[in-house]
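Structure assessment
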Amino acid sequence: MSIPFLSFGPQNQQIRAQVLAAMAQVFDSEWYVLGEAVKRFEAEYAVFNQTAACVGVANGLDALHLALRALGIRAGDEVLVPSNTYIATWLAVSMVGATPVPVEPNLATYNLDPARLEAAITPRTRAILPVHLYGQACQMSEIMAIATKYNLHVVEDNAQAQGASFGGQPTGSFGILNATSFYPGKNLGALGDAGAITTNDTDLAQQLQALRNYGSQQKYYNEVLGYNSRLDELQAAVLSVKLPFLTEWTQQRQAIAAQYQAELAGIPELHLPVVAPDATHVYHLYVVRSSKRNALQRYLAEQGIGTLIHYPVPPHSQVAYKNLGYQAGDFPVAEEIAATCLSLPLWPGMSHEQVKTIAEHIHSFHHKHE
(Lines give C-alpha, C1' and ligand atoms only; values in the text may rest on other atoms or scores of the structure.)
Protein backbone atom coordinates (compact mmCIF):
# COMPACT_ATOMS: atom_id res chain seq x y z
CA MET A 1 0.00 0.00 0.00
CA SER A 2 1.48 3.35 -1.07
CA ILE A 3 0.55 6.15 1.32
CA PRO A 4 1.47 9.75 0.46
CA PHE A 5 2.41 12.24 3.14
CA LEU A 6 -0.57 14.40 2.18
CA SER A 7 -3.63 13.92 0.02
CA PHE A 8 -6.29 16.50 -0.77
CA GLY A 9 -8.47 13.90 -2.46
CA PRO A 10 -11.11 13.21 0.22
CA GLN A 11 -11.51 16.89 1.13
CA ASN A 12 -11.66 18.03 -2.49
CA GLN A 13 -14.26 15.43 -3.40
CA GLN A 14 -16.44 16.47 -0.47
CA ILE A 15 -16.53 20.15 -1.49
CA ARG A 16 -15.80 20.03 -5.22
CA ALA A 17 -19.20 21.21 -6.44
CA GLN A 18 -19.41 24.02 -3.87
CA VAL A 19 -15.91 25.29 -4.64
CA LEU A 20 -16.49 25.34 -8.38
CA ALA A 21 -19.80 27.16 -7.89
CA ALA A 22 -18.14 29.74 -5.63
CA MET A 23 -15.37 30.32 -8.16
CA ALA A 24 -17.92 30.70 -10.95
CA GLN A 25 -19.77 33.28 -8.87
CA VAL A 26 -16.59 35.35 -8.52
CA PHE A 27 -15.92 34.98 -12.25
CA ASP A 28 -19.42 36.18 -13.09
CA SER A 29 -19.26 39.08 -10.61
CA GLU A 30 -16.64 40.84 -12.75
CA TRP A 31 -15.03 42.17 -9.54
CA TYR A 32 -11.80 40.37 -8.71
CA VAL A 33 -9.85 42.38 -6.09
CA LEU A 34 -11.10 43.42 -2.61
CA GLY A 35 -14.72 42.64 -3.36
CA GLU A 36 -17.64 40.97 -1.64
CA ALA A 37 -15.98 37.54 -1.36
CA VAL A 38 -13.13 39.00 0.70
CA LYS A 39 -15.51 41.00 2.91
CA ARG A 40 -17.65 37.92 3.51
CA PHE A 41 -14.75 35.66 4.41
CA GLU A 42 -13.17 38.30 6.68
CA ALA A 43 -16.44 38.56 8.61
CA GLU A 44 -16.81 34.77 8.82
CA TYR A 45 -13.24 34.18 9.95
CA ALA A 46 -13.47 36.91 12.60
CA VAL A 47 -16.54 35.16 14.03
CA PHE A 48 -14.74 31.81 13.93
CA ASN A 49 -11.80 33.27 15.89
CA GLN A 50 -14.07 35.25 18.25
CA THR A 51 -12.36 38.50 17.28
CA ALA A 52 -13.76 41.87 16.26
CA ALA A 53 -12.03 41.99 12.88
CA CYS A 54 -10.11 40.07 10.25
CA VAL A 55 -7.98 41.57 7.50
CA GLY A 56 -7.20 39.31 4.54
CA VAL A 57 -3.72 39.53 3.03
CA ALA A 58 -1.73 37.74 0.34
CA ASN A 59 0.03 35.12 2.49
CA GLY A 60 1.10 34.18 6.00
CA LEU A 61 4.47 35.91 5.91
CA ASP A 62 2.80 39.16 4.86
CA ALA A 63 0.34 38.71 7.73
CA LEU A 64 3.20 38.56 10.24
CA HIS A 65 5.14 41.37 8.56
CA LEU A 66 2.20 43.78 8.34
CA ALA A 67 1.16 43.00 11.92
CA LEU A 68 4.61 43.97 13.21
CA ARG A 69 4.68 46.99 10.90
CA ALA A 70 1.30 48.21 12.18
CA LEU A 71 2.58 47.98 15.76
CA GLY A 72 5.50 50.26 14.90
CA ILE A 73 8.19 47.65 15.52
CA ARG A 74 11.33 48.73 13.69
CA ALA A 75 15.13 48.76 13.58
CA GLY A 76 16.66 48.63 17.05
CA ASP A 77 13.75 46.66 18.50
CA GLU A 78 13.82 43.01 19.54
CA VAL A 79 11.09 40.41 19.19
CA LEU A 80 11.14 37.13 21.11
CA VAL A 81 10.62 34.20 18.74
CA PRO A 82 10.79 30.41 19.12
CA SER A 83 14.14 28.83 18.28
CA ASN A 84 12.11 25.94 16.83
CA THR A 85 9.86 27.22 14.06
CA TYR A 86 9.58 27.72 10.32
CA ILE A 87 11.87 30.54 9.18
CA ALA A 88 8.93 32.76 8.16
CA THR A 89 8.43 33.66 11.83
CA TRP A 90 11.93 35.13 11.96
CA LEU A 91 11.77 36.65 8.48
CA ALA A 92 8.80 38.82 9.44
CA VAL A 93 10.84 40.32 12.29
CA SER A 94 13.76 40.95 9.97
CA MET A 95 11.49 42.56 7.37
CA VAL A 96 10.64 45.41 9.77
CA GLY A 97 14.32 45.84 10.64
CA ALA A 98 14.01 44.38 14.13
CA THR A 99 16.10 41.55 15.61
CA PRO A 100 14.64 38.08 16.27
CA VAL A 101 15.70 36.83 19.70
CA PRO A 102 15.33 33.04 19.94
CA VAL A 103 13.80 31.35 22.98
CA GLU A 104 13.95 27.58 23.35
CA PRO A 105 10.83 25.37 23.25
CA ASN A 106 9.54 22.80 25.68
CA LEU A 107 10.93 19.52 24.33
CA ALA A 108 7.69 17.66 25.08
CA THR A 109 5.32 20.03 23.26
CA TYR A 110 7.77 21.70 20.81
CA ASN A 111 6.18 25.07 21.65
CA LEU A 112 7.78 28.19 23.11
CA ASP A 113 8.66 27.59 26.78
CA PRO A 114 7.18 30.43 28.89
CA ALA A 115 9.66 29.66 31.69
CA ARG A 116 12.51 30.82 29.41
CA LEU A 117 10.96 34.08 28.23
CA GLU A 118 11.89 36.49 31.02
CA ALA A 119 15.61 35.72 30.73
CA ALA A 120 15.51 36.83 27.10
CA ILE A 121 13.80 40.19 27.71
CA THR A 122 15.95 43.32 27.40
CA PRO A 123 15.13 47.05 27.34
CA ARG A 124 14.82 46.73 23.55
CA THR A 125 12.22 43.92 23.60
CA ARG A 126 8.95 45.06 22.07
CA ALA A 127 6.97 41.90 21.40
CA ILE A 128 6.59 38.15 21.84
CA LEU A 129 5.73 36.06 18.79
CA PRO A 130 4.46 32.65 19.92
CA VAL A 131 3.93 30.00 17.25
CA HIS A 132 1.27 27.35 17.82
CA LEU A 133 3.53 24.78 16.24
CA TYR A 134 2.25 21.64 14.52
CA GLY A 135 -1.30 22.52 15.63
CA GLN A 136 -0.96 22.69 19.42
CA ALA A 137 -1.85 25.87 21.31
CA CYS A 138 0.98 27.51 23.23
CA GLN A 139 0.70 28.11 26.98
CA MET A 140 -1.01 31.43 26.37
CA SER A 141 -1.98 32.32 29.96
CA GLU A 142 1.67 32.36 31.02
CA ILE A 143 2.81 34.13 27.85
CA MET A 144 0.15 36.82 28.21
CA ALA A 145 1.02 37.33 31.88
CA ILE A 146 4.69 37.92 31.03
CA ALA A 147 3.72 40.25 28.19
CA THR A 148 1.53 42.28 30.54
CA LYS A 149 4.24 42.42 33.19
CA TYR A 150 6.78 43.87 30.74
CA ASN A 151 4.34 45.87 28.59
CA LEU A 152 5.05 43.82 25.46
CA HIS A 153 2.88 43.18 22.42
CA VAL A 154 1.85 39.61 21.64
CA VAL A 155 1.48 38.63 17.98
CA GLU A 156 0.38 35.02 17.53
CA ASP A 157 1.53 32.95 14.57
CA ASN A 158 -1.56 30.81 14.13
CA ALA A 159 -0.73 29.40 10.70
CA GLN A 160 -0.67 25.78 11.89
CA ALA A 161 -3.40 25.85 14.53
CA GLN A 162 -6.64 27.17 13.06
CA GLY A 163 -9.38 25.88 15.33
CA ALA A 164 -7.14 25.17 18.34
CA SER A 165 -7.73 26.72 21.75
CA PHE A 166 -6.12 27.36 25.10
CA GLY A 167 -8.31 27.42 28.19
CA GLY A 168 -11.33 27.40 25.90
CA GLN A 169 -10.25 30.53 24.02
CA PRO A 170 -9.38 30.22 20.31
CA THR A 171 -5.81 30.64 19.19
CA GLY A 172 -5.60 33.72 17.05
CA SER A 173 -7.57 35.77 19.58
CA PHE A 174 -5.05 36.34 22.39
CA GLY A 175 -2.59 38.77 20.83
CA ILE A 176 -3.19 42.36 19.88
CA LEU A 177 -2.67 41.15 16.30
CA ASN A 178 -2.55 37.55 15.13
CA ALA A 179 -1.37 36.17 11.82
CA THR A 180 -2.34 33.06 9.91
CA SER A 181 -1.59 31.40 6.59
CA PHE A 182 -4.03 29.65 4.28
CA TYR A 183 -1.31 27.92 2.27
CA PRO A 184 -2.97 24.87 0.66
CA GLY A 185 -1.57 22.34 3.14
CA LYS A 186 -2.82 24.20 6.21
CA ASN A 187 -5.84 22.92 8.15
CA LEU A 188 -7.84 25.67 6.45
CA GLY A 189 -6.12 25.94 3.10
CA ALA A 190 -6.76 27.97 -0.03
CA LEU A 191 -5.90 26.87 -3.56
CA GLY A 192 -2.78 29.03 -3.52
CA ASP A 193 -1.18 31.59 -1.25
CA ALA A 194 -3.45 33.49 1.15
CA GLY A 195 -3.32 34.81 4.70
CA ALA A 196 -5.09 36.94 7.28
CA ILE A 197 -4.67 38.96 10.48
CA THR A 198 -7.21 38.78 13.30
CA THR A 199 -7.62 41.40 16.02
CA ASN A 200 -9.95 42.96 18.57
CA ASP A 201 -8.48 46.40 17.88
CA THR A 202 -10.58 47.99 15.14
CA ASP A 203 -8.20 50.94 14.78
CA LEU A 204 -5.33 48.58 14.00
CA ALA A 205 -7.59 46.69 11.60
CA GLN A 206 -8.18 49.93 9.67
CA GLN A 207 -4.45 50.60 9.56
CA LEU A 208 -3.86 47.12 8.19
CA GLN A 209 -6.52 47.57 5.53
CA ALA A 210 -4.52 50.56 4.30
CA LEU A 211 -1.12 48.88 4.64
CA ARG A 212 -2.18 45.90 2.53
CA ASN A 213 -3.46 48.20 -0.22
CA TYR A 214 -0.60 50.59 -1.05
CA GLY A 215 -1.24 52.57 2.15
CA SER A 216 -4.63 53.65 0.85
CA GLN A 217 -8.15 53.60 2.30
CA GLN A 218 -9.51 55.57 -0.65
CA LYS A 219 -8.32 54.81 -4.17
CA TYR A 220 -5.47 57.05 -5.33
CA TYR A 221 -5.15 58.70 -1.89
CA ASN A 222 -2.26 57.24 0.08
CA GLU A 223 -1.86 58.05 3.76
CA VAL A 224 1.15 55.85 4.51
CA LEU A 225 3.84 53.90 2.70
CA GLY A 226 2.02 50.65 2.07
CA TYR A 227 2.30 47.31 0.30
CA ASN A 228 0.43 45.26 -2.25
CA SER A 229 -0.76 42.33 -0.15
CA ARG A 230 -4.42 41.63 -0.74
CA LEU A 231 -6.37 38.42 -0.22
CA ASP A 232 -7.58 37.33 -3.65
CA GLU A 233 -11.34 37.19 -4.31
CA LEU A 234 -11.14 33.65 -5.67
CA GLN A 235 -9.17 32.40 -2.67
CA ALA A 236 -11.58 34.12 -0.28
CA ALA A 237 -14.52 32.43 -1.98
CA VAL A 238 -12.85 29.01 -1.66
CA LEU A 239 -12.04 29.65 2.01
CA SER A 240 -15.67 30.59 2.71
CA VAL A 241 -16.70 27.19 1.33
CA LYS A 242 -14.12 25.36 3.42
CA LEU A 243 -14.56 27.17 6.75
CA PRO A 244 -17.84 25.44 7.75
CA PHE A 245 -16.09 22.07 7.29
CA LEU A 246 -13.08 22.94 9.44
CA THR A 247 -14.49 21.62 12.73
CA GLU A 248 -15.41 18.29 11.11
CA TRP A 249 -11.98 18.03 9.50
CA THR A 250 -10.30 18.89 12.80
CA GLN A 251 -12.19 16.09 14.53
CA GLN A 252 -10.97 13.70 11.84
CA ARG A 253 -7.39 14.85 12.39
CA GLN A 254 -7.74 14.33 16.14
CA ALA A 255 -9.20 10.84 15.62
CA ILE A 256 -6.31 9.89 13.32
CA ALA A 257 -3.83 11.22 15.89
CA ALA A 258 -5.55 9.24 18.64
CA GLN A 259 -5.18 6.08 16.55
CA TYR A 260 -1.49 6.82 16.02
CA GLN A 261 -1.09 7.34 19.78
CA ALA A 262 -2.67 3.95 20.49
CA GLU A 263 -0.92 2.05 17.68
CA LEU A 264 2.55 3.47 18.41
CA ALA A 265 2.47 3.37 22.22
CA GLY A 266 5.28 1.50 23.91
CA ILE A 267 7.91 1.70 21.18
CA PRO A 268 11.25 2.44 22.88
CA GLU A 269 12.92 5.68 21.82
CA LEU A 270 9.89 6.83 19.80
CA HIS A 271 8.58 10.04 21.35
CA LEU A 272 4.92 10.73 20.57
CA PRO A 273 3.18 14.12 20.71
CA VAL A 274 2.32 15.41 24.18
CA VAL A 275 -0.58 17.82 24.69
CA ALA A 276 -0.09 20.41 27.44
CA PRO A 277 -2.76 21.09 30.10
CA ASP A 278 -5.56 23.43 28.96
CA ALA A 279 -4.30 23.26 25.35
CA THR A 280 -5.94 21.59 22.39
CA HIS A 281 -4.10 20.11 19.42
CA VAL A 282 -5.61 20.22 15.92
CA TYR A 283 -2.77 18.12 14.42
CA HIS A 284 -1.76 20.16 11.42
CA LEU A 285 1.15 17.73 11.69
CA TYR A 286 1.64 14.52 13.64
CA VAL A 287 5.29 14.72 14.68
CA VAL A 288 7.26 11.97 16.40
CA ARG A 289 10.91 11.95 17.43
CA SER A 290 13.44 9.17 17.11
CA SER A 291 17.21 8.96 17.48
CA LYS A 292 17.03 6.75 14.37
CA ARG A 293 14.98 9.30 12.43
CA ASN A 294 16.91 9.20 9.15
CA ALA A 295 16.93 5.40 9.00
CA LEU A 296 13.24 5.29 9.90
CA GLN A 297 12.38 7.76 7.16
CA ARG A 298 14.33 5.74 4.60
CA TYR A 299 12.64 2.52 5.71
CA LEU A 300 9.17 4.02 5.45
CA ALA A 301 9.98 5.41 2.00
CA GLU A 302 10.97 1.90 0.91
CA GLN A 303 7.52 0.73 2.02
CA GLY A 304 5.86 3.47 -0.05
CA ILE A 305 5.06 5.73 2.91
CA GLY A 306 5.71 9.44 2.56
CA THR A 307 7.07 11.49 5.47
CA LEU A 308 8.54 14.97 5.91
CA ILE A 309 10.80 16.71 8.41
CA HIS A 310 9.45 19.88 10.04
CA TYR A 311 12.09 21.30 10.16
CA PRO A 312 15.57 19.94 9.36
CA VAL A 313 17.47 23.20 10.03
CA PRO A 314 16.53 25.60 12.85
CA PRO A 315 16.45 29.29 11.86
CA HIS A 316 19.56 30.14 13.89
CA SER A 317 21.53 27.57 11.84
CA GLN A 318 20.35 28.84 8.46
CA VAL A 319 22.89 30.58 6.24
CA ALA A 320 20.40 33.44 5.92
CA TYR A 321 20.93 34.23 9.62
CA LYS A 322 24.67 33.73 9.87
CA ASN A 323 24.96 37.48 10.56
CA LEU A 324 23.47 36.89 14.02
CA GLY A 325 26.56 34.89 14.93
CA TYR A 326 24.93 31.82 16.44
CA GLN A 327 26.91 28.60 16.64
CA ALA A 328 25.98 24.92 16.82
CA GLY A 329 24.97 24.16 20.38
CA ASP A 330 23.58 27.63 21.15
CA PHE A 331 20.01 26.31 21.10
CA PRO A 332 20.31 22.61 21.87
CA VAL A 333 16.58 21.90 22.28
CA ALA A 334 15.75 23.25 18.83
CA GLU A 335 18.75 21.40 17.39
CA GLU A 336 17.67 18.11 18.99
CA ILE A 337 14.16 18.48 17.57
CA ALA A 338 15.58 19.23 14.11
CA ALA A 339 17.78 16.14 14.28
CA THR A 340 15.11 13.72 15.49
CA CYS A 341 11.64 14.86 14.37
CA LEU A 342 9.59 13.14 11.68
CA SER A 343 6.10 14.05 10.47
CA LEU A 344 3.87 11.10 9.63
CA PRO A 345 1.02 11.17 7.09
CA LEU A 346 -2.17 12.79 8.39
CA TRP A 347 -5.05 14.36 6.48
CA PRO A 348 -8.86 14.42 6.68
CA GLY A 349 -10.26 11.32 5.02
CA MET A 350 -7.24 9.17 5.83
CA SER A 351 -8.42 5.64 6.55
CA HIS A 352 -8.06 3.55 9.69
CA GLU A 353 -6.29 0.91 7.57
CA GLN A 354 -3.73 3.42 6.30
CA VAL A 355 -2.83 4.51 9.84
CA LYS A 356 -2.62 0.89 10.96
CA THR A 357 -0.32 0.02 8.04
CA ILE A 358 2.02 2.90 8.87
CA ALA A 359 2.12 1.89 12.52
CA GLU A 360 2.86 -1.72 11.63
CA HIS A 361 5.82 -0.66 9.49
CA ILE A 362 7.15 1.55 12.30
CA HIS A 363 6.90 -1.40 14.71
CA SER A 364 8.66 -3.60 12.16
CA PHE A 365 11.48 -1.08 11.80
CA HIS A 366 12.05 -0.89 15.55
CA HIS A 367 11.99 -4.67 15.94
CA LYS A 368 14.77 -4.86 13.33
CA HIS A 369 16.81 -2.19 15.11
CA GLU A 370 16.48 -3.29 18.72
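Preceding this paragraph is the structure being described.
Being a predicted model, the structure only gives us computed values, none of them experimental. Residue positions within a chain follow its written sequence, with the count starting from 1. Restriction of local features to residues with pLDDT of at least 70 applies here, the model being predicted, together with a cutoff of 80 or more for giving and counting side-chain atom pairs; totals for whole chains, interfaces and linings are based on all residues. Hydrogens and waters are ignored; side-chain quantities use all the structure's heavy atoms.

Things to note about the pattern of salt bridges
Rule in force here: Salt bridge criterion: a side-chain nitrogen from Lys or Arg within 4 Å of a carboxyl oxygen from Asp or Glu. Secondary structure is summarised from DSSP: a helix means a run of H or I of at least four residues, a strand means a run of E of at least two, and numbering begins at the N terminus for each. When a residue's accessible area, from a 1.4 Å probe over protein chains only, is under 20% of the maximum for its type it is buried; when over 50% it is exposed; and in between it is partly exposed.
Applying the stated rule across the entire model yields nine salt bridges. Glu36 is paired through a salt bridge with Lys39; the nearest N and O atoms lie 3.6 Å apart. Linking Glu36 with Lys39, this pair stays in helix H2 (residues 36–49), spanning three residues, or about one helical turn. Look at Glu36 and you get exposed, because its relative accessible area is 55%. Between Glu269 and Lys292 there is a salt bridge, and its shortest N-O distance comes to 3.1 Å. Pair noted here: Glu269 is in the loop between helix H9 (246–264) and strand S12 (270–271) and Lys292 is in the loop between strand S13 (286–290) and helix H10 (293–302), with a separation of 23 residues, a long-range link.

Re the nonpolar core
For the record, the criterion: Here, nonpolar core refers to any group of buried Ala, Val, Leu, Ile, Met, Phe, Trp, Tyr and Cys residues whose side-chain atoms link them within 4.5 Å. Domain start and stop points were drawn from an automatic or database domain assignment. Any pair of residues with heavy atoms lying within 4.5 Å of one another is described as a contacting pair.
Formed by 37 residues in total, the largest nonpolar core has its most connected members in Tyr260, Leu264, Tyr286, Leu344 and Ile362. The set of elements that each furnish at least two residues to this core consists of H9, S13, H10, helix H11 (332–340), strand S14 (341–344) and helix H12 (352–368). If you tally residues by element for this core, the top one is H12, at five residues. When residues of this core are sorted by domain, at least three fall in each of domain 1 (8–103 + 110–243) and domain 2 (245–368). Not counting the four nearest positions on each side in its chain, Tyr286 is found in contact with Ala257, Tyr260, Gln261, Leu264, Leu272, Pro273, Leu342, Ser343, Leu344 and Leu346. If you look at the next biggest cluster of nonpolar residues, it comprises 30 residues, including Ala53, Ala70, Trp90 and Ala127.

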